[in-house]
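Here's the letter readout for the chains.
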Amino acid sequence: MFLISWILSAFCIATVFNAHIHESDPSSSSKNIWAVLVAGSHGWLRYRHQSNVCHAYKILRANGIPKHRIITFMYDDIAYNSKNPEPGVLRNEPNGTNVYEGVPIDYTGEDVRKDVFLNVLQGYKMKVKGIGSGRVVLSTNKDNILIFHTGLGGEDGFVEFPNSGEDRNLRAEQLASVFKHLHDRNSYKHILMYLESSHSGAMFDNHTLPHNLNVLAISAGGPDEDTYGTFCNMDIDPCLAGLFSYAWMNYAENNPDGLRQSQCVFDHFDNVRDIVSHTGKEHPQLYGDWNIGKLPISQFIGYKNRNSSTLKTEIKLISGASKHDTFNKDTIITDDATVADEHVHIEQKKNVMQTILNNLVELVIPNEHIRNTILKQEPIDIHRNQCFEESLLLFDAKCTNLQKDDNVKNRQEKFNILAKLCDVGIMNIRQMTAVEAIEKTCA
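Residues numbered from 1 in each chain as written. Predicted model: local features only at pLDDT ≥ 70, side-chain atom pairs only at ≥ 80, totals over all residues. Heavy atoms only, no water.

A. Structural view of the sheet that holds strand 4 (residues 153-154). Across the sheet, which stays open at both edges, the three strands sit in the order 4-5-6 with antiparallel pairing between neighbours. Both outer strands of the open sheet, strand 4 and strand 6 (169-171), are each paired with one neighbouring strand and no more. In this structure, strand 4 lies alongside strand 5 (residues 158-160), joined through two bridges in antiparallel fashion. Among the inter-strand pairings, Gly153 is bridged to a residue of strand 5, identified as Val159. (Pairing = 2+ DSSP bridges. Helix = DSSP H or I, 4+ residues; strand = E, 2+ residues; numbered from the N terminus.)

B. Representation of the pattern of salt bridges within the structure. Under the defined criterion, the tally for this structure stands at eight salt bridges. A salt bridge links Asp143 to Arg69; its shortest N-O distance comes to 3.3 Å. Residue Asp143 is found in the loop between helix 3 (114-121) and strand 3 (144-151), and its partner Arg69 is found in the loop between helix 2 (47-62) and strand 2 (70-73); the two are separated by 74 residues along the sequence. Taking the shortest distance from any N to any O, the salt bridge between Glu86 and Arg91 comes out at 2.7 Å. Glu86 gets classed as partly exposed once you look at its relative accessible area, which sits at 33%. (Salt bridge = Lys/Arg side-chain N within 4 Å of Asp/Glu carboxyl O. Buried < 20%, exposed > 50% of the residue type's maximum accessible area, 1.4 Å probe, protein only.)

C. Molecular detail of the pairing of strand 2. Residues Ile70 and Thr72 point to one face of strand 2 and Ile71 and Phe73 to the other, with burial holding for every one of them. Bridging between strand 1 (residues 33-40) and strand 2 involves four bridges; their strand directions are parallel. Residue pairing in the sheet places Val36 in a bridge with Ile71 of strand 2. A crossover connection joins strand 1 to the parallel strand 2 through helix 2; in handedness this β-α-β unit is right-handed. (Right-handed = clockwise from strand over helix to strand, strands pointing away.)

D. Local environment of the packing of helix 3 against helix 4 (residues 172-184). Orientation of helix 3 relative to helix 4, taken along the N-to-C sense of each, is 20°, at an axis distance of 11 Å. Of the possible angle classes, the one that applies to helix 3 and helix 4 is roughly parallel. The way helix 3 lies across helix 4 gives a crossing that is right-handed. Contacts from Lys114, Phe117, Leu118 and Leu121 of helix 3 reach helix 4 at Gln174, Leu175, Val178, Phe179 and Leu182. Grouping the amino acids of the contact of helix 3 with helix 4 by side-chain chemistry returns seven nonpolar, one polar and one charged. (Axes fitted to C-alpha atoms, helices over the stretch in contact; angles between N-to-C directions. Parallel < 35°, antiparallel > 145°, perpendicular 65-115°, else oblique. Left-handed = near helix turned anticlockwise from the far one by under 90°. Contact = heavy atoms within 4.5 Å. Nonpolar A, V, L, I, M, F, W, Y, C, P; charged D, E, K, R; others polar.)

E. Representation of the confidence of the model for the protein within the structure. For the protein, per-residue confidence averages 81 on the pLDDT scale, and 74% of positions sit at 70 or higher. Here residues 402-406 is a poorly scored stretch, pLDDT under 50, and it has 19 contacts once near neighbours within four places are set aside; other chains count. (pLDDT = per-residue confidence, 0-100.)

F. View of helix 11 (residues 386-398). A rise of 1.5 Å per residue sets the reference length of helix 11, with its 13 residues, at 18 Å; its end C-alpha atoms lie 18 Å apart and thus fit the reference within 8%. Taken residue by residue, helix 11 has Cys387, Phe388, Ser391, Leu392, Leu394 and Phe395 as its buried positions. (Expected span 1.5 Å × (residues − 1).)

G. Molecular detail of helix 3. Taking burial as the measure, the eight residues of helix 3 include seven buried ones, the bulk of the element. By the burial criterion, the buried members of helix 3 are Lys114, Val116, Phe117, Leu118, Asn119, Val120 and Leu121. For helix 3, the secondary structure elements touched by its buried residues are strand 1, strand 2, strand 3, strand 6 and helix 4. One or two residues past the end of helix 3 sits Gly123, with phi positive at roughly 75°.

H. Representation of the packing of aromatic side chains in the model. Enumeration over the complete set of coordinates arrives at 10 aromatic pairs. On the basis of an interplanar angle of 75° and a centroid distance of 6.2 Å, the ring pair of Tyr80 and Tyr100 is categorised as edge-to-face. Of the two residues, Tyr80 sits in the loop between strand 2 and helix 3 while Tyr100 sits in the loop between strand 2 and helix 3, which places them 20 residues apart along the sequence. Taken together, a centroid distance of 5.4 Å and an interplanar angle of 90° make the contact between Phe148 and Trp248 edge-to-face. Here Phe148 is found in strand 3, whereas its partner Trp248 is found in helix 5 (residues 243-254), with 100 residues between them in sequence. Residue Phe148 is classed as buried on the basis of its relative accessible area, which comes to 0%. (Phe/Tyr/Trp six-rings, centres within 6.5 Å; stacked < 30°, edge-to-face > 60°.)

I. Highlighting the side chain of Arg69. The class of Arg69 is buried, set by a relative accessible area of 13%. Look past the residues within four positions of Arg69 in its chain and what remains in contact with it is Lys31, Asn32, Ile33, Trp34, Ala35, Arg135 and Asp143.

J. How the structure looks around the state of the cysteines. This structure, assessed with the given rule, holds three disulfides. Disulfide pairing is shown between Cys387 and Cys422; the S-S distance is 2.1 Å. Classification of the bridge connecting Cys387 and Cys422 rests on its S-S torsion, roughly -65°, and on that basis the disulfide is left-handed. Of this pair, Cys387 sits in helix 11 while Cys422 sits in the loop between helix 12 (408-421) and helix 13 (434-441), placing them 35 residues apart in sequence. (Disulfide = S-S within 2.5 Å.)

Right, here's the structure in full:
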């Protein structure tokens, strides 16, 4: 790994040196960048995806990218959510600034769709007429494009859009096809894509992104890895930031001017990967055209000289050991467990449900400390693996007759517990499977 990093660094040095010979004003490259920022989820518990996008917008603007060249997709149901103790405020780190303030959102609510995103990326202005701001990418072969999608994904190789009906999943083949169309049309110079979702590596792991399209994709984790939020369990239930998103943005934001101007994509990636991998949670990957990795990162996120006296230079390590750095997964749940309370008098039914769930946890987990952790009521995102699907079907068939599972709170608790009991980390410490526990409890 050291040898690979050394080789990539050598490539970077040669290429960046060459770039400086041909570009006397590096900050001018900011005017040749388009950016498309997507929060691919909705609901209070996915707070971090929208705060990630807002933070990215602030960085790009601070780096000199014109606002008319940044296009944002965000459901916009978080800042003024009834559960937000600070209406109009989104923070991407503890005690951080309000990243939501001043961020124009081009496509919100029902307009955050896969088809709209692909039309915007291809510059099809007429196809988005009357939708959102109607703004599209109008790049030429002199422009670089940054794409940042933070949200939910699946192991079959897709990322999700929150409001695309049954066709909400953007698959790797569809995106690669659009890239090829744009490349054939000579509509861009290079594309750098950041993907943060569980199984984000599965998007391009099977060589679905050709190496000859001038596109480099950086995933938050490998094909088989979940990705996580960080700064969780703060004053609010959701995590404030995505682990990978915060790592690349915090590193980009706090580099000294010299590195922000000249550091190549490979070196930037190596540092971000080290920060993320340090947590033991996920391991960022590279896909596509590695030649792009030799280019300065500033050609994709911009560069503007800043007053060194006001620049904060702390590049923060994110550690799972800190109470502020626990993690929630970026995985998909098709039932909305964040819907508002239905105002049904359910306390007695809830107690029955809780008793059943407590029994399941006690049967599966012999360790009391882990049991107590499992039984905490904080909601999590759901990873629908085979264990979860089988347990859910069996639970609904055998246990639902004991009480009517007809309200959001009960469904939320059921999803939370079953997901935790089916987490891969539980497999080696359990004394029986979730299915066996359900059979025994609800016989």
